[in-house]
Amino acid sequence: MTKEKRCYNCGKLLGKNNKTKEHIPARTLFEGYDEKYKVNRITVPACFECNNSYSPTDKEFRNMIGIIAKQKENNTITHASVKSILGNDSGYNRLRMNKLGEIIGVTFFQKQIEDFHKKNFKGLFYHQYGYPLPKNYELTVNIDENDYSVLTLSFIDYLKNYFEWKHSGHEDILSYCIQPFRFGISNPSKKDLALNKDENLIIGILKYNREHVALVTAIRKEYFERIKQREI
């Protein structure tokens, strides 16, 4: 008996007329890379609405990677990003200039960047556990390495020290680690932890094109409300 498929993002039951697949990460992040980097890329089932709604988000993130790129392997992405930004009517308004009229940066939409990470976290969660992230979890994203708190650093050390990392296509494009957070664990085998029924925290690190890293935290809403009540 075939197991029913649900959209990785919204959880909608999928049928023949509304089933497609989402690439995690977006195929644009593989631009300019050899075919060997594209083997075994992760895809997850998606509905047409969710798949199509993320096209602007994917493009915004690709453009950001291209602009911040330091690795020569990402030159093709950089060229595509510059063309995309300057080819848009509002593109020049996003350029930051110094007093000499020289371009010193580009403004990107933080919400779209964060949404890209949330989308990939949900896709990787589905790929790893076989079902969509439950709706009673709130997702937060931390992409500012200069603003890492003690808790954030402990999350990062936890994932680096206790678990094996995975990748999609190739580790140079997307390497990641997603696990439930448990205090005081010992995990010498570095194998994935099974999820409890009401896991309070699920955390993930996602690293793209050796250029950009994000920490994504899924916190159970009931647990989050209890924490907030203690702070009042």
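Further up the page is the structure itself.
Please read all numbers here as calculations on a predicted model, not as lab measurements.

Reading the values: rules and limits
By convention here, each chain's residues receive numbers from 1 onward along its written sequence. Local features are withheld for residues below a pLDDT of 70 in this predicted model, meaning they are given only at 70 or higher, and side-chain atom pairs are given and counted only at 80 or more; totals for whole chains, interfaces and linings count all residues. With hydrogens and water set aside, each side-chain value is computed from the structure's full complement of heavy atoms. Here, the term disulfide refers to a pair of cysteine sulfur atoms separated by no more than 2.5 Å. A simple rule labels every residue: compare its accessible area, found with a 1.4 Å probe on the protein chains alone, to the largest value its type can have, and call it buried under 20%, exposed over 50%, or partly exposed in between. Criterion for a salt bridge: a side-chain nitrogen of Lys or Arg within 4 Å of a carboxyl oxygen of Asp or Glu. Note on conventions: DSSP H or I runs of at least 4 residues are helices, E runs of at least 2 residues are strands, and numbering of each starts at the N terminus. By this rule, a helix spans an expected 1.5 Å times one less than how many residues it contains. The criterion used for residue contact is that any of the two residues' heavy atoms lie within 4.5 Å. For two strands to be treated as a pair, DSSP must find no fewer than two bridges joining them. Only buried Ala, Val, Leu, Ile, Met, Phe, Trp, Tyr and Cys residues count toward a nonpolar core, and they belong to the same one when joined by side-chain atoms within 4.5 Å.

*Asks:* Sorry, what's going on with the state of the cysteines here?
*Replies:* Here a disulfide denotes a covalent bond joining the sulfur atom of one cysteine to the sulfur atom of another. On inspection of all chains with the given rule, the structure shows zero disulfides. With no disulfide of its own, cysteine 47 lies closest to cysteine 50 among cysteine sulfurs, the gap being 3.5 Å. Note on cysteine 50: relative accessible area 9%, which makes it buried.

*Asks:* I'm lost on the pattern of salt bridges in this one. Help?
*Replies:* Opposite charge on two side chains allows them to pair when their charged atoms are near. In total, this model carries 13 salt bridges according to the counting rule given. We note a salt bridge from arginine 94 to glutamate 60, for which the minimum N-O separation is 2.5 Å. Of this pair, arginine 94 sits in the loop between α3 (75-86) and β3 (95-97) while glutamate 60 sits in helix α2 (residues 55-68), placing them 34 residues apart in sequence. Arginine 94 gets classed as buried once you look at its relative accessible area, which sits at 15%. When its relative accessible area of 5% is taken as the criterion, glutamate 60 is described as buried.

*Asks:* How do you make sense of helix α4 (residues 110-129) when you look at a structure like this?
*Replies:* Since one α-helical turn is 3.6 residues long, residues separated by three or four positions face the same way. Taking 1.5 Å per residue, 20 residues should reach 28 Å; α4 reaches 28 Å between its end C-alpha atoms and fits that length. Backbone geometry just after α4 places glycine 130 at a positive phi near 90 degrees.

*Asks:* Would you take a moment to explain the side chain of asparagine 142 for this structure?
*Replies:* Along the polypeptide, asparagine 142 turns up in strand β5 (residues 137-142). If we ignore the near neighbours within four places in the chain, the residues touching asparagine 142 are Asp147, Tyr148, Thr152, Val213, Ala214 and Leu215.

*Asks:* Is there a simple way to think about the pairing of strand β9 (residues 212-220) in this case?
*Replies:* A regular strand places its side chains so that they alternate between the two faces of the sheet. Across the nine residues of β9, eight count as buried, placing the element largely inside the fold. Two elements, β5 and β9, share six bridges in a ladder whose sense is antiparallel. The residue of β9 that forms the bridge with asparagine 142 is leucine 215. Note: strand β8 (residues 201-208) against β9, eight bridges, orientation antiparallel. Its bridge partner lying in β9, tyrosine 208 is registered against histidine 212. If you look at the hairpin formed by β8 and β9, you'll find three residues sitting between the two strands, and asparagine 209 has a positive phi there, around 50 degrees.

*Asks:* Is there a simple way to think about the nonpolar core in this case?
*Replies:* The nonpolar side chains of soluble globular proteins are, as a tendency, buried together. Of all hydrophobic cores here, the largest spans 44 residues; its most connected members are Phe61, Phe121, Leu124, Leu133, Ile202 and Tyr208. Among the secondary structure elements, those contributing two or more residues to this core are β2 (42-47), α2, α3, α4, β5, β7 (174-180), β8 and β9. No other element matches α4, which puts seven residues into this core. Excluding residues within four positions of it along the chain, phenylalanine 121 makes contact with Leu133, Leu139, Ile178, Ile202, Ile203, Gly204, Leu206, Val216 and Ala218. The next biggest cluster of nonpolar side chains, apart from the first, holds 16 residues, and it includes Tyr148, Ile156, Leu201 and Leu215.

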